[in-house]
Amino acid sequence: MRAAVYHSNRDVRVVEIPRPVPGPGEILVRVRASGICGSDLMEWYRRPRAPLVLGHEVAGEVAQTGPGVRDLRRGDRVVTTHHVPCGRCRLCLTGRETCCPRLSVNHFDPGGFAEFVRVGEEAVRRGTFRLPPRTTFAEGSFVEPLACVLRAQRLAGLAPRDAVAMLGGGVSGLLHLLAAGAASRWS
């Protein structure tokens with residue numbers, strides 16, 4: 001399969017790599033859309049781990065299921081994320097899921113900028129969701145960043161008609177602005 005392999009911000013190569021095979025509880029997703037996270041652009045953060053395939057806001061179709069996968073079938077349209085907290089540790093149980101040690105060990109094989117990604121068992125169970133029929137794959141790739149925005153606004157106590165300031169017009173900033181505006185219209 002083809003994949004865009006990151007070596008540095010100025011060196012990304014499209015190469016052929018082996019297609020991963022799903023193991024027990026895992027799925028293989030044919031990638032139809034993948035976002036690029038702000039952390040993917042921070043060369044100081046990524047370069048020490050290069051070469052690697054970036055992209056973790058993935059939407060696509062289930063291409064294959066591993067043994068034991070019961071709730072998903074080949075052809076299902078899904079969105080999936082590799083940032084999946086355990087939901088059982090003290091941090092998760094006290095609302096601090098972003099500090100969960102499991103959050104940083106769930107990864108796609110190889111990454112969203114490949115034709116296929118293998119999704120680990122925990123991410124299949126807790127971080128993979130069917131896309132509604134009318135939702136495009138491109139829209140599906142925004143599920144994870146939008147969830148981060150909505151969680152941040154909830155934790156900040158943002159209420160309808162509150163004034164907000166946007167510092168930075170990247171994807172997250174724009175999603176914050178749109179979500180705050182939508183909340184005001186719904187109230």
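Here, the structure is the one placed above.
As the structure is a prediction and not an experimental result, all values here were calculated from the model.

Caption draft 1: Looking closely at the environment of Phe116. As for its placement among the helices and strands, Phe116 is situated in strand 7 (residues 116-119). A relative accessible area of 3% means that Phe116 is categorised as buried. Taking the C-alpha atoms as reference, Phe116 lies 18 Å from Thr136; in sequence the two are 20 residues apart. Setting aside chain neighbours within four positions, we find Phe116 in contact with Met1, Arg19, Pro20, Leu28, Val29, Arg30, Val31, Ala63, Asp109, Pro110 and Gly111.

Caption draft 2: Molecular detail of the side chain of Glu144. Examined against the element boundaries, Glu144 turns out to sit in helix 5 (residues 143-155). Those residues in contact with Glu144, other than ones at most four positions away along the chain, are His56, Glu57, Thr81 and His83.

Caption draft 3: Up close: the nonpolar core. Membership of the largest hydrophobic core comes to 14 residues, with the highest contact counts inside it found for Ile27, Val29, Val58, Leu72, Val117 and Val119. At the level of elements, strand 3 (27-35), strand 5 (57-65), strand 7 and helix 3 (121-127) are the ones that each hand at least two residues to this core. No other element matches the three residues that strand 3 contributes to this core. Setting aside chain neighbours within four positions, we find Ile27 in contact with Pro22, Val62, Gln64, Thr65, Val69, Leu72, Val117, Arg118, Val119, Val124 and Thr128. Among the nonpolar cores identified, the runner-up in size contains eight residues, and Val5, Ala63, Ala114 and Phe116 belong to it.

Caption draft 4: Broad picture of the sheet that holds strand 2 (residues 11-16). The strand order 2-1-4 describes an open sheet built from three strands, whose pairing is antiparallel. One side of each edge strand has no neighbouring strand; the edge strands of this open sheet are strand 2 and strand 4 (52-53).

Caption draft 5: Examining the layout of surface pockets more closely. By volume, the largest pocket is sized at about 1400 Å³. His56, Thr81, His83, Glu144 and Cys148 are the residues nearest the centre of the largest pocket, which is lined by 48 residues in total. Where the lining of the largest pocket is concerned, the elements lending two or more residues are helix 1 (43-46), strand 4, strand 5, strand 6 (77-80), helix 3, helix 5 and helix 6 (171-186). The element contributing the most residues to the lining of the largest pocket is helix 5, with nine residues. Of the residues belonging to the lining of the largest pocket, the class tally is 22 nonpolar, 17 polar and nine charged.

How each quantity is defined
- Residues numbered from 1 in each chain as written.
- Predicted model: local features only at pLDDT ≥ 70, side-chain atom pairs only at ≥ 80, totals over all residues.
- Heavy atoms only, no water.
- Helix = DSSP H or I, 4+ residues; strand = E, 2+ residues; numbered from the N terminus.
- Buried < 20%, exposed > 50% of the residue type's maximum accessible area, 1.4 Å probe, protein only.
- Contact = heavy atoms within 4.5 Å.
- Core = buried A, V, L, I, M, F, W, Y, C linked by side-chain atoms within 4.5 Å.
- Pairing = 2+ DSSP bridges.
- 1 Å grid on protein atoms, 1.4 Å probe; cavity = no way out; pocket = protein on both sides within 12 Å on 5 of 7 lines; lining within 4 Å.
- Points joined across faces, edges and corners; volume = space filled by probe spheres on them.
- Nonpolar A, V, L, I, M, F, W, Y, C, P; charged D, E, K, R; others polar.

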